[in-house]
Amino acid sequence: MIRQYELVEKVKSYDPDADEDLINRAYVFAMKAHGAQKRASGDPYFSHPVEVAYKLTQFKLDAASIVTALLHDTVEDTEVTLEDIENSFGKEIRGLVDGVTKLSRLEGKSENMNQAENFRKLLIAMSEDLRVLLVKLADRLHNMETLKHIKKPEKRQRIARETAEIYAPLAERIGMRNLKESLQDLAFAELYPEARESIVTRLNFLREAGQAELEKTVNIIRKRLEEAGLKDFTIHGREKTPFSIWKKMETKNVEFEQLSDIIAFRIIVDGIPECYQALGAIHAEWHTIPGRFKDYISTPKSNGYQSIHTAILGPGQQRIEIQIRSKEMEEIAEYGLAAHWAYKQSRGSSDNGSTRDGKQFRWIRELLEILEKSSNPEEFLENTKLEMYNDQVFCFTPKGDILAFPRGATPVDFAYAVHSGVGDKCVGAKINGRIVPLRTRLKNGDQVEIITSKTQTPSPSWERFVVTGKAKSEIRKFVRTQQRAEYINLGRAVLAKTFKQEGEEFNEKLIEPHLPQFNKKSVEDLLAEVGEGVLSRQQVAEIVIGQKKDTSANAVGSMLSSLSSPFRKKKSGHGTPMPIKGLIPGMAIHFAGCCHPIPGDRIVGIVTTGKGITIHTMECETLENYSDAPERWIDVAWEHDQADARHIGRLRAQVSHEPAALATVTNVIAKENGNISNFKIVNRSTDFFEILIDIEVHDLRHLNNIIANLRSKEVVQSVERYQT
Ligand code: MN
């Protein structure tokens, strides 16, 4: 076991300013906390955190990371609490230990390996701080190294699978190639012991048999490079790991005997120009194998890896793989950006650690820049926070599947992601076993269970808090279907009444023969449009009952000829006078819900194919949307003789929160002969109500009259016309 002073000295060797006292205290704290606990191997448990801490010194991590490694299992496995950690080591360490503990609790949850990518994202998102992830990876590496002590084979297999599918790719993702290869190979040994054994045996044989051949090849390449004028370089044959050979056999479906390229040659030169110089010398001498050339120097991999890869038919017509890179690239490829940072520091600047805080995490910052190229690196420079999947949350289903959502998603989004039927029937949700409101925002790692009921239907109000497109569109779809049913009923009622006024009994069968005239496929389609107000009921009545006076719309035909509106084809009559001048009779008219125009307002009509004309006030901001479609604008004016017509004006008022205040408001409106069609309290504080009132009025003067009367009342703080 590594001793206390060895660990401290190791840290001091790369960071002379490291807080020695902090590391010493953590060492003792963890030792006491784990006490007599034992590992499966029989070793004292405490040997494990010490090993993990020691592994991290190879990445030259700061004292806080080393301390976190020492403490990483105390909260999960001993009596120690996060509060204890904070009291002894401060907030930063508490946060880091908390992070590692949370990741540990996710272990074994990744049952479904189809979701490995999501699980990796979850780990990164939950890590928040890169150091948390590094401690976790070192922890996993040590656990893999000691895996053989675990008795149950299923448990060993599960841990190995998780390592291969989740943690090794994570290590690669952050450029820790050595770590990745170690994890992969340890997992391989557990999962496919025979395969690995046979590859290792074969490798040993080839190594002995091919040793002379190998040296010959190296010498030939060396000579060629020297002739090309390269001086300071090294070449070595590097055996591939058993895992990477096996992977290749699997994916390329080749026999081991066919794998000539078990050795990759690596040429390490000084700088970038020398890389290309060496490449030129090799390609000039030997044939290249097509499709194998890759230039990761001009286009580095996303984890920062740089190198040139090529494959040639080398001396003796043997296929060989060659990697060419600079010394610095080699360091990064092996140890990740930790090495990159150390490399630069050892070669370069004279300011030796005086700006400690600035330098200590520089490699982490560079790593973060590479990891998140798309966004502005400046944002990351403040700290070591992992912002990568900040816009996403990852949650578990009860079965252990992981679903990814945009940040801000709720259980309703979750329900629709599972299945639209689950969303439609959703009545409640449990997060981590506790019942929560449906608008609760999901957090990383939450386990979500949706409670459904057969009688539930989606509420339109859900649309206001869901964030996924799927949930939004499903809710809208449902609401539309429901609305249509309502429109059909309304249309039926309206027609029945109209027919009655004409002395006829309404019957849907009467309509059927006339459907082509309305360009409708079914009676329901027609009823829905009548209910919605798209089709005028008088028109339907006239055509069906046969009270036709054919006045084909010559006068307006030219005006609307540019419109492919179904109305153009329609016969029209003149049942009741249209309230608006300049429109064809029979055309459906809506008053815009944004500005609620009433007679007296200056107005304009906007044509929408299939929907008729919408009347807006000239001041309405919505009109901007139509500014580039002048053909849709229609000049309209109010008719004068429409004493009975009513229009809705909308008011917003602030009213004192006191007894009878609302009654005062409604009384004033009633007295002024306004009919309240809708009333809504939008805000309620201790002092005021804020209310929206829709009032049916004759015209603007009528509405202004009501406003003036309301303003005269003491309980009314303010009132104005409300137009959005
Ligand atoms: Mn551990």
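This one's a predicted model, so the numbers in the text were calculated from it and none came from an experiment.

*Asks:* Help me get a handle on the overall build of the chain, residues and values and all.
*Replies:* Helices and strands together make up the secondary structure of the chain, namely 27 helices and 21 strands. Residues counted as buried form 46% of the 724 residues belonging to the chain. A separation of at least 24 residues holds for 64% of the contacts in the chain among residues at least 6 apart in sequence. Here the chain displays about 36300 Å² of accessible surface, and carbon together with sulfur accounts for 48% of that area.

*Asks:* How would you sum up a positive patch on the surface? Please name residues and give values.
*Replies:* Together, Arg439, Arg441, Arg464 and Lys680 make up a positively charged patch on the protein surface. Within the secondary structure, arginine 464 sits in the loop between strand E11 (448–452) and helix H20 (469–501). Residue class for arginine 464 comes out exposed when judged on its relative accessible area of 70%.

*Asks:* Can you tell me about the coordination of the manganese ion, naming the residues and giving the values?
*Replies:* Protein coordination of the manganese ion is provided by His48 (NE2), His72 (NE2), Asp73 (OD) and Asp139 (OD), with donor distances spanning 2.1 to 2.3 Å. Expressed as a motif, the donor residue spacing for the manganese ion is H-x23-H-D-x65-D. Taken together, the residues span a long stretch of sequence, with histidine 72 in the loop between helix H4 (63–71) and helix H5 (74–77) and aspartate 139 in helix H8 (residues 130–145) at a distance of 67 residues. The two residues histidine 72 and aspartate 139 agree in class, both being buried.

*Asks:* Run through the environment of lysine 713, naming residues and quoting values.
*Replies:* For lysine 713, the position within the fold is in the loop between helix H27 (700–711) and strand E21 (716–721). When the C-alpha atoms of lysine 713 and valine 655 are compared, they prove to be 9.8 Å apart, with 58 residues separating the residues in sequence. If sequence neighbours within four positions are ignored, lysine 713 has contacts with Thr664 and Val668.

*Asks:* I'd love a proper account of the pattern of salt bridges, names of residues and values included.
*Replies:* Across all of its chains, the model carries 31 salt bridges by this definition. Note that aspartate 185 and arginine 196 form a salt bridge whose closest N and O atoms lie 2.8 Å from each other. Residue aspartate 185 is located in helix H10 (residues 177–191), and its partner arginine 196 is located in helix H11 (residues 193–227); the two are separated by 11 residues in the primary sequence. Overall, aspartate 185 belongs to the buried group, its relative accessible area being 16%. The exposure class of arginine 196 is partly exposed, given its relative accessible area of 23%. Among the ionic pairs, aspartate 232 bridges to lysine 327, the shortest N-O distance being 3.5 Å.

*Asks:* Could you give me a rundown of helix H1 (residues 4–14), with the residues and numbers involved?
*Replies:* Among all positions of H1, only Leu7, Val8, Val11 and Tyr14 are buried. Taken end-on, H1 shows its buried residues confined to a sector of 135°, consistent with a single buried face. Exposed residues lying more than 90 degrees from the buried face of H1 are Glu9 and Ser13. Where H1 is buried, its residues contact helix H2 (20–34), helix H3 (47–57) and H4.

*Asks:* An account of the nonpolar core is requested, with residue identities and associated values reported.
*Replies:* Counting 69 residues, the largest nonpolar core has Ile23, Leu56, Leu71, Ile93 and Leu183 as the members making the most contacts within it. Tallying contributions element by element places H8 first for this core, with nine residues. Taken domain by domain, the makeup of this core includes at least three residues from each of domain 1 (4–192) and domain 3 (359–470). With near-sequence residues (within four places) excluded, leucine 56 lies in contact with Leu61, Ser65, Ile66, Ala69, Leu134, Val135 and Ala138. Among the nonpolar cores identified, the runner-up in size contains 24 residues, and Leu225, Leu230, Ile263 and Ile267 belong to it.

*Asks:* Can you lay out the side chain of lysine 180 for me, pointing to particular residues and giving the numbers?
*Replies:* Residue placement: lysine 180 occurs in helix H10. Beyond its immediate sequence surroundings of up to four residues, lysine 180 is in contact with Ala168, Ala171 and Glu172.

*Asks:* Tell me about the packing of aromatic side chains, and please be specific about residues and values.
*Replies:* Tallied over the entire structure, the rule returns nine aromatic pairs. Both rings, one in phenylalanine 188 and one in phenylalanine 243, keep their centres 5.7 Å apart while their planes meet at 75°; by these two values the pair is edge-to-face. You can see phenylalanine 188 sitting in helix H10 and its partner phenylalanine 243 sitting in helix H12 (residues 242–252), a full 55 residues away along the chain. By the burial criterion, phenylalanine 188 is buried, and phenylalanine 243 matches it.

The rules behind the values
- Residues numbered from 1 in each chain as written.
- Predicted model: local features only at pLDDT ≥ 70, side-chain atom pairs only at ≥ 80, totals over all residues.
- Heavy atoms only, no water.
- Helix = DSSP H or I, 4+ residues; strand = E, 2+ residues; numbered from the N terminus.
- Buried < 20%, exposed > 50% of the residue type's maximum accessible area, 1.4 Å probe, protein only.
- Contact = heavy atoms within 4.5 Å.
- Areas by Shrake-Rupley, 256 points an atom, 1.4 Å probe, with all protein chains shown as cover.
- Patch = residues over 30% accessible without salt bridge, like charges linked within 9 Å, V, L, I, M, F, W, Y side chains within 5 Å.
- Salt bridge = Lys/Arg side-chain N within 4 Å of Asp/Glu carboxyl O.
- Lys, Arg positive; Asp, Glu negative; His and termini not counted.
- Charge placed at Lys NZ, Arg CZ, Asp CG, Glu CD.
- Donors = N, O, S within 2.8 Å, 3.2 Å for Na, K, Ca; no water.
- Arc of directions from axis to C-beta.
- Core = buried A, V, L, I, M, F, W, Y, C linked by side-chain atoms within 4.5 Å.
- Domains from an automatic or database assignment.
- Phe/Tyr/Trp six-rings, centres within 6.5 Å; stacked < 30°, edge-to-face > 60°.

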